[in-house]
Amino acid sequence: MANTTCTSISNDPKELINSWFTIPFIGGLVIALMHDSHHLMEGEYVAFFQSASVSVVFWSALANGNSIIIYWIDQRWTWLEHPIQRSVIGIAAMLVYTPIASIIIIYGYVEFVLDVRFEKVLESRSIFSLLTVPMGITVVVSLWQHGKGFFMEWRQAAIDVERLKNENLKSKFESLKSQVNPHFLFNSLNALTSLVYADQGKAVQFIQKLSEVYRYVLDHQNDEVVDLKTEVDFLKSYVYLNKIRFGDNFEVTYTNLDSVNSADSVPPVTLQMLIENCIKHNEISKENRLHITVEREGQVIIVENNINPIKVAKQDSNGLGLSNIISRYEMLSDKKVEVSPTETSFKVVVPILSFQS
């Protein structure tokens, strides 16, 4: 299944202003009121303003800096796939960034605002005491950010699982409908009737192929993926039935489909649905022959056909086949299905997945 990262860095100006200025200002003001309210009570407004300002800087730098670091970590180690690494690296990054950023802010405040040598501050206070407040703030904010990231990824994973279930149900329905619908069965029986009188040997072979098509759908309707060789064998049985139906007006050419290994997989009935899509959306006659090529190039399979536009959509055309394939690939892999229509041809590129069914 494709990785899902829920943490993100917003580009919305309003959110950036809130993140870097509005929220830090409110937070810094609250901290200053909690720790330095005596400055206000004693009329030392400049001192209070300085305290509030440095609190705002602390909040903005630590909260947003750690947020950026969390975003960077989430791109590489997700909670769902690498929970231990994600936890260790997240904590380590926080413990490294926060003290460094805090010391820089404190140094700048002491040296340039208070005009006091930083060394003199260290003579009266330890580094640990200087970092107590910023570290405490960072721990609270980081725990919230990490917890939010974990919850969002867990929630997204649950949604993805549910979506995959729904897509599989839709796929089962679509594949069964495309094979066991009255139009397909009626056309197959018509072709069989003609063969029984014209060529009994070919009629027997036709029945065998028809049985293989139905058997494949029933055997693999619950599978998320099937091995490529099984899918190709099923495809050839399906093409054979349509070849009998359309004769020389329908042709499918296979290239490099014999070079497969046990790890090569695709979602079930993917190739068949692409061929079916060609049949549904094109005129097939002596004047408008349909030629389809099914070719393997590396780790993709390319299905391409010439275009013979039809004036009226066929009765068994519902437009769900291609979108169904695209949706299933989105749920199973990061690899994308590519669709390239032109004025004279229609090409679909489906990736070969590399895991066992």
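To be clear, the structure that these remarks concern was listed above.
Cut-offs and rules
- Residues numbered from 1 in each chain as written.
- Predicted model: local features only at pLDDT ≥ 70, side-chain atom pairs only at ≥ 80, totals over all residues.
- Heavy atoms only, no water.
- Helix = DSSP H or I, 4+ residues; strand = E, 2+ residues; numbered from the N terminus.
- Buried < 20%, exposed > 50% of the residue type's maximum accessible area, 1.4 Å probe, protein only.
- Core = buried A, V, L, I, M, F, W, Y, C linked by side-chain atoms within 4.5 Å.
- Contact = heavy atoms within 4.5 Å.
- Pairing = 2+ DSSP bridges.
- Axes fitted to C-alpha atoms, helices over the stretch in contact; angles between N-to-C directions.
- Patch = residues over 30% accessible without salt bridge, like charges linked within 9 Å, V, L, I, M, F, W, Y side chains within 5 Å.
- Areas by Shrake-Rupley, 256 points an atom, 1.4 Å probe, with all protein chains shown as cover.
- Salt bridge = Lys/Arg side-chain N within 4 Å of Asp/Glu carboxyl O.
- Parallel < 35°, antiparallel > 145°, perpendicular 65-115°, else oblique.
- Left-handed = near helix turned anticlockwise from the far one by under 90°.
- Nonpolar A, V, L, I, M, F, W, Y, C, P; charged D, E, K, R; others polar.

Asks: Got a minute to help me understand unusual backbone geometry in this structure?
Replies: As a rule of thumb, non-glycine residues mostly have phi less than zero, and peptide bonds are mostly trans rather than cis. Of note in the backbone geometry, Asn256 takes a positive phi value of approximately 60 degrees without being a glycine. Relative to the helices and strands, Asn256 resides in the loop between strand E2 (250–255) and strand E3 (264–266). Phi is positive for Val269, close to 60 degrees, though the residue is something other than glycine. Given the relative accessible area of 4%, Val269 is considered buried.

Asks: Where do I start with the nonpolar core in this structure?
Replies: Counting residues in each nonpolar core, the largest one holds 47 residues, and the members touching the most others are Phe250, Leu271, Ile275, Ile292, Val294, Ile301 and Val350. When contributions to this core are tallied by element, the ones reaching two or more residues are helix H7 (200–220), helix H8 (228–246), E2, helix H9 (270–280), strand E4 (290–297), strand E5 (300–306), helix H10 (321–332) and strand E7 (345–351). The biggest single contributor to this core is H8, with nine residues. Sequence-distant contacts of Phe250, that is, excluding residues within four places in its chain, are made with Val239, Asn242, Lys243, Ile275, Ile279, Ile284, Leu290 and Ile292. By size, the runner-up hydrophobic cluster in this structure holds nine residues, among which are Val54, Ala101, Ile105 and Tyr109.

Asks: Where do I start with the sheet that holds strand E6 (residues 338–341) in this structure?
Replies: Strand-to-strand pairing in sheets goes through backbone hydrogen bonds, with the strands running parallel or antiparallel. Spatial strand order, E2-E4-E5-E7-E6: five strands in an open sheet with mixed pairing. Only two strands of the sheet have a single neighbouring strand rather than two, namely E2 and E6. Each strand axis lies, on average, 10 degrees off the axis of its neighbour in the sheet, ignoring direction. In the sheet, E6 pairs with E7 via four bridges, with the strands oriented antiparallel. Directly across from Pro341, in E7, lies its bridge partner Phe346.

Asks: What am I meant to see in a nonpolar patch on the surface here?
Replies: Taken together, the side chains of Phe25, Ile26, Leu29, Val30, Leu33, Met34, Leu40 and Tyr45 present a nonpolar region at the surface, about 780 Å² in accessible area. Residue placement: Leu33 occurs in helix H1 (residues 13–41).

Asks: Would you mind going over the packing of H9 against H10 with me for this structure?
Replies: Helix packing for two helices is described by the angle between their axes and how far apart those axes are. Orientation of H9 relative to H10, taken along the N-to-C sense of each, is 155 degrees, at an axis distance of 9 Å. Comparing the axis directions of H9 and H10 gives the class roughly antiparallel. As for how H9 packs across H10, the hand of that crossing is left-handed. Counting all contacts with H9, which are made through Thr270, Met273 and Leu274, the residues of H10 involved are Gly321, Leu322, Asn324, Ile325, Arg328 and Tyr329. Looking at the contact of H9 with H10, its residues break down into five nonpolar, three polar and one charged.

In short, the description is geometric, and any link to function would need to be established separately.
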